[in-house]
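Spelled out from the first residue to the last, the chains are:
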Amino acid sequence: MADAAASSHVRVEVADGAPYAVLTIAKEPVNSMDLALWSALEAALAQCENTPSLKGLIITSGLTRDVFTAGNDLRELYAPLTSLERYRQFWVTQNRFLVSLYRSRLVTLSAIRGACPAGGCAISLACDHRIMTPQGHIGLNEVLLGIPVPKYWGMLMQGVMGKGPAEQALLAGSLLSPQQALRLGLVHSLAEDSSALGLLAAAEAVMKRLVRLPDTAYAATKANLRADFCAAWEAYYPAEVDGAWQFLNAPETLKTLGGAMKRLSSKDKGPAKSKL
Ligand code: CO8
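Described in the following lines is the structure provided in the data block.

Structural notes on the overall build of the protein chain
Along its length, the protein chain carries nine helices and six strands. Taken over the C-alpha trace, the protein chain has a radius of gyration of 18 Å; the compact-globule value for 276 residues is 19 Å, and the two agree within 12%. When its C-alpha atoms are laid out on the principal axes, the protein chain stretches across 55 × 45 × 40 Å. Relative to its 276 residues, the protein chain shows a buried fraction of 49%. Carbon and sulfur atoms form 57% of the exposed surface of the protein chain, whose accessible area is close to 12,600 Å². For the protein chain, the separation between the mean place of its 27 positive charges and that of its 24 negative charges on side chains is 4 Å.

In structure tokens:
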């Protein structure tokens, strides 16, 4: 497949004759999602959508460590490091991608290896199917970072897990273990083999089964079920920017988010980097 949408961090591959593509995100060390990464994902999805031979899409991580993505790059959220205009572009781009993913005609499957907080969980929730390795964690943990869960991300989770369990997890900022996520219906299955190749093999086995379903009926049913939600989400996210920006500039948020950034980059990583 001509890889017009390839960026240095997003790769789209199609095995010979396969009816599905594998989109790999590999921005070392943790796939922190900045504007460029969300834009690359948007271009890659459009490329797959516009390839008639494709019926499915697997999204996975190509990192060396067990991380699907670390979610949004915190530097895009920490107000002193960005601007309202940059934040607007960032927010609109990522939500435009998520809506497109949620209403994609393709069978979409998120193959989650390891940590999957916040923005990575949102990508997974916008997919039709989720397979996870037995190690890692998943959830929308925004509350613990001092920021509100974006409204439609929370609603996606409610749709997947049910209102009660989702609210409980969202309000506590919980990152669930894969086993909890499976029990609560947040993921559909756990891969037996937790290596990148083992996970991909498990994902491909499910995908091969799903793409055998009549694709026009699959896509039409998805559209029927999700069109109203997507339209309401699209009408909402541009206006979400100004309220969020105010929130991101509040002294309490700056303190919590700044503290989280400091903690992450001051972990003891050996004598050279130990800042504790
Ligand atoms: N953004 C930027 N840099 C990050 C991020 C991030 N999200 N996560 C980690 N990093 C950096 C670290 O600072 C560190 O940098 P350095 O090596 O320069 O010190 C490097 O990546 C490696 O990180 P770790 O040492 O922590 O790597 P580990 O393998 O030990 O852990 C984890 C990987 C589990 C992914 C861990 O890094 C982690 O938990 N990261 C934070 C995850 C998180 O909480 N993300 C939430 C982002 S918010 C979001 O996506 C939705 C926001 C909605 C906006 C609403 C606005 C109102």
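Moving on from the coordinates now.
Details of the layout of surface pockets
Each pocket or cavity is described by its volume, and for the largest pocket that value is around 1,300 Å³. What lines the largest pocket is a set of 45 residues, and nearest its centre among them are Ala70, Gly71, Asn72, Leu74 and Leu264. Those elements that provide at least two residues to the lining of the largest pocket are helix 2 (84-102), strand 4 (107-117), helix 3 (118-125), helix 4 (151-161), helix 8 (215-249) and helix 9 (251-265). Of the residues assigned to the lining of the largest pocket, the class counts are 26 nonpolar, eight polar and eleven charged.

Observations regarding the nonpolar core
Residues Ile123 and Trp233 are the most contacted members of the largest nonpolar core, which totals 67 residues. With near-sequence residues (within four places) excluded, isoleucine 123 lies in contact with Met33, Trp38, Leu41, Ile59, Phe68, Phe97, Leu98 and Leu101. Ranked by size, the runner-up nonpolar core spans 16 residues in total, among them Ile58, Leu109, Ala191 and Ala203.

Side note on the packing of helix 8 against helix 9
Direction vectors running N to C along helix 8 and helix 9 enclose 70 degrees, while the axes themselves pass 5 Å from each other. When the axis of helix 8 is compared with that of helix 9, the two are roughly perpendicular. Two secondary-structure elements touch here, helix 8 through Phe247, Leu248 and Asn249 and helix 9 through Pro251, Thr253, Leu254 and Leu257. Considered class by class, the residues forming the contact of helix 8 with helix 9 number five nonpolar, two polar and no charged.

Observations regarding the packing of aromatic side chains
Across all of its chains, the model carries eleven aromatic pairs by this definition. Each ring, one from tyrosine 87 and one from tryptophan 91, has its centre 6.1 Å from the other, and the planes form 20 degrees; the classification is stacked. Taken together, the residues tyrosine 87 and tryptophan 91, both in helix 2 and four residues apart, mark about one turn of the helix. Assigned by exposure class, tyrosine 87 and tryptophan 91 land together as buried. Centroid distance tryptophan 91 to tryptophan 153: 5.6 Å. Interplanar angle 20 degrees. Geometry classified as stacked.

Brief notes about the side chain of threonine 69
Within the secondary structure layout, threonine 69 lies in the loop between strand 3 (56-61) and helix 2. At 2.8 Å, the side chain of threonine 69 forms a polar contact with the backbone nitrogen of glycine 71. Among all residues touching threonine 69, those that are not within four sequence positions of it are Ile25, Val30, Asn31, Met33, Ala115, Cys116, Pro117 and Gly120.

Quick look at the pattern of salt bridges
Throughout the structure, instances matching the rule amount to 13 salt bridges. Between glutamate 76 and arginine 86 there is a salt bridge whose closest N-O contact spans 2.5 Å. Taken as a pair, glutamate 76 in the loop between strand 3 and helix 2 and arginine 86 in helix 2 lie far apart in primary sequence, ten residues in all. The buried category is assigned to glutamate 76, whose relative accessible area is 4%. Residues arginine 88 and aspartate 242 are paired through a salt bridge, measuring 3.2 Å at the closest nitrogen-oxygen approach. One end of the pair, arginine 88, is in helix 2; the other, aspartate 242, is in helix 8, with 154 residues separating them in the sequence. Looking at aspartate 242, the relative accessible area reads 40%, which means it is partly exposed. Through salt bridges with shared partners, one network takes in Lys27, Asp34, Asp73 and Arg75.

Thresholds, definitions, all that
- Residues numbered from 1 in each chain as written.
- Predicted model: local features only at pLDDT ≥ 70, side-chain atom pairs only at ≥ 80, totals over all residues.
- Heavy atoms only, no water.
- Helix = DSSP H or I, 4+ residues; strand = E, 2+ residues; numbered from the N terminus.
- Rg over C-alpha atoms; globule rule 2.2 N^0.38 Å.
- Buried < 20%, exposed > 50% of the residue type's maximum accessible area, 1.4 Å probe, protein only.
- Areas by Shrake-Rupley, 256 points an atom, 1.4 Å probe, with all protein chains shown as cover.
- Lys, Arg positive; Asp, Glu negative; His and termini not counted.
- Charge placed at Lys NZ, Arg CZ, Asp CG, Glu CD.
- 1 Å grid on protein atoms, 1.4 Å probe; cavity = no way out; pocket = protein on both sides within 12 Å on 5 of 7 lines; lining within 4 Å.
- Points joined across faces, edges and corners; volume = space filled by probe spheres on them.
- Nonpolar A, V, L, I, M, F, W, Y, C, P; charged D, E, K, R; others polar.
- Core = buried A, V, L, I, M, F, W, Y, C linked by side-chain atoms within 4.5 Å.
- Contact = heavy atoms within 4.5 Å.
- Axes fitted to C-alpha atoms, helices over the stretch in contact; angles between N-to-C directions.
- Parallel < 35°, antiparallel > 145°, perpendicular 65-115°, else oblique.
- Phe/Tyr/Trp six-rings, centres within 6.5 Å; stacked < 30°, edge-to-face > 60°.
- Polar contact = N/O pair within 3.5 Å; in protein donor to acceptor, adjacent residues only side chain to side chain.
- Salt bridge = Lys/Arg side-chain N within 4 Å of Asp/Glu carboxyl O.

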